[in-house]
Structure formats: structure tokens, C-alpha cells
Amino acid sequence: MTWAGLATTGPIQARVKLADGTVHRAAAWRRRNSSLTARCGPLDIELRLGATAEAAQMALSARARAEVTVTEIGLEMTPQIRGSVPDWVVYNGYHSWDAAGVAPAGKRQSWWTVGVADGAGAGLAASAAAALKYTTRFDWEDGRLLLTMCEFPGLKQNPPMWQARRGDAWAADGLQLAAAADVRVALRRAARGPRRRNSAWVPRGWLSWYHYGPWISAGEVLENSTVLSHGHLRSLGYRVIVVDDGWQQAYGDWSPNSKFPGGMSALATELAARDQRLGVWTAPFLVSASSDLAKRAPPAWFVLDPTSGERAVDPVHVVFGPMYILDARHPGVRKHLRSTFAGLRAEGVEYFKIDFLYAGAYAGTAALRAGLQAIRRGAGDGYLLASGAPLLSVAGLCEACRTTRDAASPIFDFELGSPKPTLIGDEVVEVGRNQAARHFLDSWFHLDADVALVGGNLSPEQGRTLVTVAALSGGPFFASDHLAALEPERLALLVNPRVLELVGARPAAPDWEPTERDRASSIWRRDGVVGVFNWDWQEREVVVSVKGRRRARDLWQDRDLGLVEGELRLQVPAGGARLVALAEA
């Protein structure tokens, strides 16, 4: 496949991997009507090609010639960009918190989407068209790109994807490829498959997790709600109050504990009187070993460990004790999920943060989708934010999806006798890197770059950076500090009307500025607004290219920067950000 003057895929081979580790390849394609066929080990592979104005389409299917267990089916190619091997890989992680970025073209794995580019940014992109049944993985190594349908290896390496009998047929979810002089444009074109759920609102509000953690109580929720419903803050649109982990009896038992004596209904009623909406956090596929559900649910409701045959325990979320995993292939589990969320919606919950969704895929991608469909039916017109989520699997079912790791951690300070938001490493840098690398996924869902956190052990400039990233993400915008305790200079970061006006528009796109350190670009642009970031620990000057003659205004400082032509030079504090509006002079 060739895009004139830009890119070529090189020769394309079929590739099949079996449960015993055997890999078969086939490059001897035969044309049959409008498709290509090849015999690849025990399978006959069929490849159908199509095209739209923006992308090439690949439909891959197979038929088994013998009984066999298949773990991977895909294609292999050797792309070139303008006649040369690509220099950079734009990679994506499997779920929300996994790393995404732009890295030198060494050995690299990517999920759902991938881009390969030359030094100037021209490139070829590929994306799964859907994730209804399978997971799509891309592997880049030694100039070869592998496009693979598989199941994610959550509890078992090389898990079976297809238990085939002789004559059985299999079909992939589809792939799309695009090329452009800017690889980010190619990625956006290739990823235009699933359609985002329509939503009349982009939520803005407050989230309990980062300051209060699991120690949250109804009183603390209402204290912060009061701050947002009075004075200047009332006019700024902070309407959604989300109670995160800590309100429930246990993982799996999604009813209020003793810290919420009036229940969710009473809390929703009180918030509604303040013109606010209630949101709650859940982890719908995880069940604490100490919960009532773990004791009373039928054994068939749970994913089994592939080695022991006993109930599987999630190997990822271990901080609160063993967590079993619901298997949404079972109709009883789907009924339970639907009933749980219908009950919460009836209590007045309008916003649902559904977390640790990777666990639902331990039973397979199709099982995760089935579980999410049940949740969707139960939640009705509620807003669903997916987190810890296999990205493409939630498209079309959830209004929004987290694109980054957590911005910080709630750590209990025993000297203060209370928790506080705490940075442990380079969280702020990693949030920026992921959001920049995933900015083109807004056709799938609203992009949630986590919270506009400004307190705890963050510097004021780190807080400014997180607020700027959240405002430019195009998705939900949530504060998450103890608002009444914030110092005035930190609270000011959350009440700047010029910055808040940016919330909910399309995501800002980063300039092409790849680095060996895999950092986000320092310059993000959207409709005449430029976000300028300093991801380093020393103040530095950033030069922003400007088309023609423009009048510049600093949105954070509400200060006119005068006329600029050709370029704008800005001093950006260590770890900080600037926001500039560029208008025609």
C-alpha cells in the first residue's frame, strides 16, 4: 500500500500464533474477487481492502482447516516514510494509566493505535476500528510493524483468542491506516471509527479522592460543596460533586457506609438544592474478598485463575486486600451490574466514575463490553467516566475516559492528623505526556486528563500546569483539594474565568517536538490559544512560532503582551505553564 510521496507499508505478510508458541507467516497472497487470500499454517487468511477519502481499511478474517487454539492473528509490514525507515514511534498504552508518548524507533509496543514518523513529523498511522471482540496490539522492531488481534495477557501470558474447530470462521474488528505530512493528523484520520456518545454537557466540579482518599465523609463532601455554591465560585460552573472511593460498604457492596448516614438519596437532594449534581465512584468488576457479594454470589460469577482453577485475585489492585473479579459472560453478573447502577441512578446519582475496568477484560474483551452495556442500561442518562480502562473497549458506551495516570496520591499525614495530595514522582510530567500523545482520541470519548489539583506538596507552578492541561484536554474539569484550606494564590488557579472558558472545547494539539526523553511538546495549540509548558526543573525560554502579525494576551495574568510577528518568546517557570491568546492584529 502506497501514499504517494509520503509512505508505503512495504510487503504485507499474514501472521498466526498458536497456543504452543508456534508462529506461521505467509506472503503468497492470491486474489479472489475483491479480496486477497493466503494459507498461513492451519488457517486460511482473507484480507479485504477498502478506502475512504481519509483512510485505508483492512478487514481480516480466517477459516480453520484443523482443530487448533489460536492466540494471535495479524499482519506484518515494513513501513517507510519518504523512502526511509521511520525515526519515531507514537505509541499508546492498553489502558488509561499506561504510558503513551513519542519515542525513538527502537523496540516498542503499542495498543489500539500506533504512528511511525520521520524527523519532520510526516508519518503513517494505524488504528483498530473497534474493540467489540478482540484487542489490537502493534509491535515495532527492526523496521517491522506487526498488527495483531489478540486478548490482553492479564492473568495468563499468550491467552487463547480462538478455540477453532475445522471449518470454523473468525473475523477481526477491522483496521484503518492513514498517512499525512503530520503523523498526528494521520492518527486522527485512522482513529475515526467508533463514534463518541453524544453528551449535552462536559462536567465541571469537585472530586473527593486526591485530598481525602478513602477517608472521605458526607460532612467533608458538603463542606466543599458549600464553598463552590457561594460567592464568586458559584458563577464558575462547578456543579458536579463526586464522592470517590470510601463511601461504599466494600468493593462489590455498593451501598453507603456509616460515614454517609443519610445515604446517597439524601446527599443528592441536598446538593440539588444548591444547584449541584451528585457523582459517585465505583469499581464495578472488583469484589473484595471480605464483601457480602463475595460470600453470596454463585461461583460461576467469578473469573477463575487459569493455573489453580480457584477464584482469580486481581494482581494489580492489592492495596485494600484480595479482590475477586466478576465475569460478565455470565447473565447473572450482567443483571447484577444493571441493577446496581439503576439503583444508584434512582437515588439521584447523575455522574458515574467507573474504575479499574481492565479487570472486566480478564474474561475477554467481549465480556468487558457486555458488562459495560449492562452498566450503561442501568445508568440510563447518567454520565459515565471510564478509568483504568482498555481505551477502545469503552468507546461508544462511556461519555469520557481517563487518558492519564493519577495526578497524585492521597497520603495520610500523621503529624497533621489528616490526608493530603502528594506527588511521589514525576506525575505531572507523565500526565502531560499522556494527554499530548492521546489528544486525537476525542472522536472516541471526552478525554479526561485527571484533576486540576493545586494543593498538597505540589508547587504553585505544578498546580498551574495541571489546571492548564485539564482546561485544554476537552473533557471533564474537576478540582480535588480541600477548598477552604487552600492558600489564596492556589485557590486563584481554580477561579480564573479566562482559563475556565477553555474547558470543554476540542483538545489542544501539541506541536511536533519529539525528544529522546519522551517528554510532551512544550507548545500546545487550539483555536488561537497556545499552552506553553516547561517540563524541566529550571526556568527556560520557549519560542513559539506565530503566523503573521498577532496581538498576544497572557490569560493567566490577564495582561496584554503587545503585538508579535513571526515568533513569541516566553519565560516559563520551572515545572510551570503559560497560556496565551493570539488574535489578529
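Anything mentioned here points back to the structure above.
Residues numbered from 1 in each chain as written. Predicted model: local features only at pLDDT ≥ 70, side-chain atom pairs only at ≥ 80, totals over all residues. Heavy atoms only, no water.

Observations concerning the pattern of salt bridges
For side chains bearing opposite charge, pairing can occur when the charged atoms are close. Inspection of the entire model under this criterion finds 41 salt bridges. Across the pair arginine 329 and aspartate 327 runs a salt bridge whose closest N-O atoms are separated by 2.7 Å. One salt bridge connects arginine 553 with aspartate 558, and the closest N-O pair in it is separated by 2.9 Å. A cluster of three or more residues bridged by salt bridges with shared partners is formed by Arg15, Glu72, Arg137 and Asp139. (Salt bridge = Lys/Arg side-chain N within 4 Å of Asp/Glu carboxyl O.)

Quick look at the side chain of glutamate 461
With respect to the helices and strands, glutamate 461 occurs in helix H9 (residues 460-472). The class of glutamate 461 is buried, set by a relative accessible area of 18%. Beyond its immediate sequence surroundings of up to four residues, glutamate 461 is in contact with Pro573, Ala574, Gly575, Gly576 and Ala577. (Helix = DSSP H or I, 4+ residues; strand = E, 2+ residues; numbered from the N terminus. Buried < 20%, exposed > 50% of the residue type's maximum accessible area, 1.4 Å probe, protein only. Contact = heavy atoms within 4.5 Å.)

Regarding the environment of alanine 100
Within the secondary structure layout, alanine 100 lies in the loop between strand E11 (88-91) and strand E12 (101-104). Residues alanine 100 and proline 331, spaced 231 residues apart in sequence, show a C-alpha to C-alpha distance of 35 Å. Excluding residues that lie within four positions of it along the chain, alanine 100 makes contacts with Tyr91, Asn92, Gly93, Arg433, Asn434, Ala437 and Arg438.

Some thoughts on the sheet that holds strand E22 (residues 240-243)
Spatially, eight strands are ordered E33-E30-E29-E28-E25-E22-E21-E34 in an open sheet, and the strand pairing comes out parallel. With one partner strand each, in any of the chains shown, strand E33 (446-448) and strand E34 (477-479) form the two edges of the open sheet. Each neighbouring strand pair of the sheet contributes to a mean axis angle of 25°, computed without reference to strand direction. For strand E29 (residues 383-386) and strand E30 (residues 400-402), the ladder comprises two bridges, and the chain directions are parallel. Across the sheet, alanine 386 pairs through a bridge with cysteine 401, a residue of E30. Across the sheet, helix H6 (residues 331-346) touches strand E25 (277-282) and strand E28 (349-354), and the angle it forms with E28 is around 140°. (Pairing = 2+ DSSP bridges. Axes fitted to C-alpha atoms, helices over the stretch in contact; angles between N-to-C directions.)

Some points on the pairing of strand E38 (residues 540-554)
As paired strands, E38 and strand E39 (residues 559-572) are joined by 12 bridges and run antiparallel to one another. From the neighbouring strand, valine 544 faces E39, where its bridge partner is leucine 568. From the end of E38 to the start of E39, which pair antiparallel, there are four residues, and aspartate 558 there has a positive phi angle of about 50°. Judged from the five bridges that link them, E38 and strand E40 (residues 577-584) form a sheet pairing that is antiparallel. Following the sheet pairing, alanine 552 is matched in E40 by leucine 582.

Quick word on the packing of aromatic side chains
Taken as a whole and judged by the stated rule, the model has 27 aromatic pairs. Summarising the aromatic geometry, the rings of tyrosine 94 and tryptophan 111 are spaced 5.5 Å apart at their centres and angled 70° between planes, so their arrangement reads as edge-to-face. Of this pair, tyrosine 94 sits in the loop between E11 and E12 while tryptophan 111 sits in strand E13 (residues 108-111), placing them 17 residues apart in sequence. As far as the burial class goes, tyrosine 94 and tryptophan 111 line up, both buried. (Phe/Tyr/Trp six-rings, centres within 6.5 Å; stacked < 30°, edge-to-face > 60°.)

Details of the packing of helix H8 (residues 427-437) against H9
Axis separation between H8 and H9 bottoms out at 10 Å; the angle between their running directions is 20°. By the angle between their axes, H8 is roughly parallel relative to H9. In this structure, the crossing between H8 and H9 has a hand that is left-handed. Here H8 contributes Val428, Val431 and Gln435 to the contact with H9, which in turn contributes Gln462, Thr465, Leu466 and Val469. The residue inventory of the contact of H8 with H9, partitioned by class, reads four nonpolar, three polar and no charged. (Parallel < 35°, antiparallel > 145°, perpendicular 65-115°, else oblique. Left-handed = near helix turned anticlockwise from the far one by under 90°. Nonpolar A, V, L, I, M, F, W, Y, C, P; charged D, E, K, R; others polar.)

Topic: the sheet that holds strand E2 (residues 7-8)
Read across the open sheet, the three strands follow the order E1-E2-E10; overall the sheet is antiparallel. Unpaired on one side and paired on the other, strand E1 (2-3) and strand E10 (80-81) mark the two borders of the sheet.

Looking at unusual backbone geometry
Glycine aside, the phi torsion of most residues is negative, and most peptide linkages are trans. At tryptophan 112, a residue that is not glycine, the phi angle is positive and equals roughly 75°. For tryptophan 112, the position within the fold is in the loop between E13 and strand E14 (113-117). Of note in this structure, phenylalanine 356 is not a glycine but carries a positive phi near 55°. The topology assignment puts phenylalanine 356 in the loop between E28 and helix H7 (365-379). Under the relative-accessibility criterion, phenylalanine 356 is labelled buried at 13%.

Side note on the packing of helix H3 (residues 218-228) against helix H4 (residues 263-272)
Viewed as axis vectors pointing N to C, H3 and H4 meet at an angle of 10°, and their least axial separation amounts to 11 Å. Overall, the two elements H3 and H4 adopt an arrangement that is roughly parallel. Of H4, the residues touching H3 (which contributes Val221, Leu222 and Ser225) are Leu267, Glu270 and Leu271. For the contact of H3 with H4, the class distribution of residues is four nonpolar, one polar and one charged.

Observations regarding H7
Given a rise of 1.5 Å per residue, 15 residues ought to cover 21 Å, and the 21 Å separating the end C-alpha atoms of H7 matches this to within 8%. Counting buried residues in H7 gives 12 out of 15 residues, a clear majority hidden from the surface. For H7, the set of buried residues is Thr365, Ala367, Leu368, Arg369, Ala370, Gly371, Leu372, Ala374, Ile375, Arg376, Gly378 and Ala379. On its buried face, H7 is in contact with strand E16 (135-141), H6, E28 and E29. (Expected span 1.5 Å × (residues − 1).)

Describing the side chain of aspartate 554
Its location among the elements puts aspartate 554 in strand E38. Residue classification places aspartate 554 among the buried residues on the basis of a relative accessible area of 1%. Reaching out from aspartate 554, the side chain makes a polar contact with the side chain of arginine 578 at a distance of 3.0 Å. Setting aside chain neighbours within four positions, we find aspartate 554 in contact with Arg559, Leu561, Arg578 and Leu579. (Polar contact = N/O pair within 3.5 Å; in protein donor to acceptor, adjacent residues only side chain to side chain.)

Some words on the pairing of strand E36 (residues 523-526)
Here strand E35 (residues 509-510) pairs with E36 via two bridges, running antiparallel. By the bridge assignment for E36, proline 510 is matched with tryptophan 524. In this structure, E36 lies alongside strand E37 (residues 529-533), joined through four bridges in antiparallel fashion. Paired with tryptophan 524 across the strands is glycine 531, a residue of E37. What sits between the antiparallel neighbours E36 and E37 is a turn of two residues, in which aspartate 527 has the positive phi angle 45°.

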